[in-house]
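One letter stands for each residue in the lines below.
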Amino acid sequence: MQGTLPTATWQDELRDSITTLEQLERCVNLTDDEREGIQEIEGVFNWGISPYYASLMDPDDPDCPIRRQVVPRIQELQDELGVWDPLKEEDHSPVENLIHVYPDRVAFCVSSVCATFCRFCLRKRMVDTQGCAIGEENLAEGIDYLRRNRQIRDVLLTGGDPLLMPDEQIEDIVARIHEIPHVELVRIGSRTPCTLPSRVTKELCRRLARHQPFWINTHFNHPKELTPEAVAACGRIVDAGIPMGNQSVLLKGVNDDTAVLKELGERLVAARVRPYYLYQCQTLKGTAHFRVEIERGVQLVRGLRGRTSGFAIPQYVLDTPYGKVPLNYQYIKGREGDDVILESFSGKLWREPNPKEAD
Ligand SMILES: *Cc1c(COP(=O)(O)O)cnc(C)c1O
Ligand code: SF4
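On a predicted model such as this, the values are computed, not experimentally measured, just so you know.

About the thresholds
- Residues numbered from 1 in each chain as written.
- Chains lettered and ligands numbered in written order.
- Predicted model: local features only at pLDDT ≥ 70, side-chain atom pairs only at ≥ 80, totals over all residues.
- Heavy atoms only, no water.
- Helix = DSSP H or I, 4+ residues; strand = E, 2+ residues; numbered from the N terminus.
- Rg over C-alpha atoms; globule rule 2.2 N^0.38 Å.
- Buried < 20%, exposed > 50% of the residue type's maximum accessible area, 1.4 Å probe, protein only.
- Contact = heavy atoms within 4.5 Å.
- Areas by Shrake-Rupley, 256 points an atom, 1.4 Å probe, with all protein chains shown as cover.
- Lys, Arg positive; Asp, Glu negative; His and termini not counted.
- Charge placed at Lys NZ, Arg CZ, Asp CG, Glu CD.
- Axes fitted to C-alpha atoms, helices over the stretch in contact; angles between N-to-C directions.
- Parallel < 35°, antiparallel > 145°, perpendicular 65-115°, else oblique.
- Left-handed = near helix turned anticlockwise from the far one by under 90°.
- Nonpolar A, V, L, I, M, F, W, Y, C, P; charged D, E, K, R; others polar.
- Near = heavy atom within 4 Å.
- Polar contact = N/O pair within 3.5 Å; in protein donor to acceptor, adjacent residues only side chain to side chain.
- 1 Å grid on protein atoms, 1.4 Å probe; cavity = no way out; pocket = protein on both sides within 12 Å on 5 of 7 lines; lining within 4 Å.
- Sits in = over half its atoms within 2 Å of the grid points.
- Domains from an automatic or database assignment.
- Pairing = 2+ DSSP bridges.

A few points about the overall build of the protein
- Each helix and strand counted, the protein has 12 helices and 12 strands in total.
- Taken over C-alpha atoms, the radius of gyration comes to 22 Å for the protein, in line with the 21 Å a tight globule of 359 residues would show.
- If one aligns the C-alpha atoms of the protein with their principal axes, the spans along those axes are about 75 × 55 × 45 Å.
- By the burial criterion, 52% of the 359 residues in the protein qualify as buried.
- Here the contacts in the protein between residues at least 6 apart in sequence split such that 75% fall between residues at least 24 apart.
- Accessible surface computed for the protein: about 17200 Å², of which carbon and sulfur atoms make up 51%.
- Side-chain charges of the protein comprise 43 positive and 55 negative groups, with the mean position of each set lying 5 Å from the other.

Looking at the packing of helix H6 (residues 136–148) against helix H7 (residues 167–178)
- Two elements in contact, H6 and H7, have axes whose closest approach is 10 Å; the angle formed by their N-to-C orientations is 25°. Considering the angle they form, H6 stands roughly parallel to H7. Along this stretch, H6 crosses H7, giving a crossing that reads as right-handed. Facing Glu136, Leu139, Ala140, Ile143 and Leu146 of H6, the residues of H7 in contact are Ile173, Arg176 and Ile177.
- In terms of residue class, the contact of H6 with H7 is made up of 6 nonpolar, no polar and 2 charged.

Side note on the site of ligand 1
- Close to ligand 1 lie Ile99, Val101, Tyr102, Arg105, Ala107, Arg187, Tyr276, Tyr277, Asp319 and Lys324.
- A distance of 2.6 Å is found between an oxygen atom of ligand 1 and a side-chain nitrogen or oxygen belonging to arginine 105.
- At 2.6 Å, a side-chain N or O of tyrosine 276 approaches an oxygen atom of ligand 1.
- Within the complex, 90% of the 380 Å² of free accessible area of ligand 1 lies under protein.
- Placement of ligand 1 is best described as lying within the largest cavity.

Remarks on the side chain of arginine 291
- Tracing the backbone shows arginine 291 in the loop between strand E7 (274–280) and helix H12 (294–302).
- With relative accessibility at 14%, the residue arginine 291 sits in the buried group.
- A polar contact of 3.2 Å, which involves the side chain of arginine 291, links it to the side chain of aspartate 79.
- One polar contact links arginine 291 to threonine 287, side chain to side chain, over a distance of 2.8 Å.
- Contacts of arginine 291, omitting those with residues within four sequence positions, involve Asp79, Leu81, Gly82, Lys252, Cys281, Gln282, Thr283 and Leu284.

Quick notes on the domain arrangement of the protein
- Here the protein is described as being made up of domain 1 (10–74), domain 2 (89–326) and domain 3 (332–359).
- A straight line from the C-alpha centre of domain 1 to that of domain 3 covers 51 Å.

Structural notes on the sheet that holds strand E10 (residues 332–336)
- Strand order in the open sheet formed by 3 strands is E10-E11-E12, and the pairing between neighbours is antiparallel. If you trace the sheet from one side to the other, it starts and ends with E10 and strand E12 (349–353), each paired once. Here the average twist between neighbouring strands, direction ignored, is 25°.
- Alignment of strand E11 (residues 339–343) against E12, held across 5 bridges, turns out to be antiparallel. Bridge pairing in E12 places valine 340 opposite glutamate 352.

The following block contains the structure:
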């Protein structure tokens with residue numbers, strides 16, 4: 001009967017996630033590397049794929065950029081260089097799950113679960129399918145730390161994925177943090193617009209938009225991820241009055257191509273999401289097959305400059321235990337006398353008289 005059909009909620013969708021080899025075999029024709037990967041990583045790395053994100057995978061092409069991001073491969077166990085905690089986050093945590101590297105801002109990992117597990121995830125050591133939010137005691141301790149450290153003006157809620165918590169709980173955390181007088185800004189990092197767009201309900205957006213200023217940074221890596229559903233999810237966030245940024249990871253075989261990065265940036269901008277960072281893939285255990293040489297990464301991003309809208313170009317960075325380091329092409333070529341020689345996007349050189357500052 002019309003109007004009485006039950007609609008599946010995002011929680012139902014999450015419960016139907018693909019977490020076993022048998023389920024995955026029903027969606028894609030697995031390669032030996034993938035099958036062996038799934039069998040061998042048991043107990044080492046978690047994996048899991050939302051039905052929505054799985055529907056974007058090409059069943060016959062193992063090089064599919066969606067599939068590469070989420071289906072385990074045996075290569076994950078063949079990484080000699082990678083370490084478990086490349087950012088030494090555990091050394092920078094005055095309170096469990098709260099990372100304080102910069103003077104004025106912190107990252108607070110309030111959730112350890114994700115809608116889909118990325119094979120290159122920095123927090124592979126933390127994310128799992130067990131338990132969801134941090135405990136009240138840990139939360140209260142974190143909030144107390146924020147209250148006592150008056151230089152903190154910007155709090156980034158991350159995980160895992162904070163948006164997998166129930167609406168009330170997320171809103172409660174955001175409200176309690178925003179209540180601290182010196183905290184000017186709260187932001188959430190969430191991949192749900194990309195991996196579980198149904199999670200981004202109008203109700204959630206309405207609740208979060210009550211706590212301004214509030215930003216959401218999401219995580220798209222490939223234009224194929226910008227489906228009508230994902231674009232609509234971003235639209236609900238932006239329409240509610242929440243500005244959005246995007247943080248990508250530079251991944252070999254997924255987006256290590258200037259044309260792909262250009263299309264990704266342009267489609268994000270069309271969805272009203274500003275490309276923010278493009279991360280160099282960390283020297284993290286199990287990610288050797290994803291890592292791109294930094295010099296090549298710099299050239300890939302250089303190829304965007306002058307060839308698309310400036311705000312469609314993310315800042316390429318490497319995160320280190322001492323903070324993020326911009327990885328930039330050097331457009332200042334040198335000096336000739338008092339003049340500075342600059343290189344334009346097309347390679348044409350420009351000589352700029354260098355202003356002398358009076359002391
Ligand atoms: C990335 C990060 C932030 C936020 O940095 P922005 O450059 O302001 O986006 C804050 N704390 C930690 C530990 C981070 O890794
Ligand atoms: S969504 Fe983010 S935190 Fe979760 S697995 Fe992917 S990269 Fe890691």
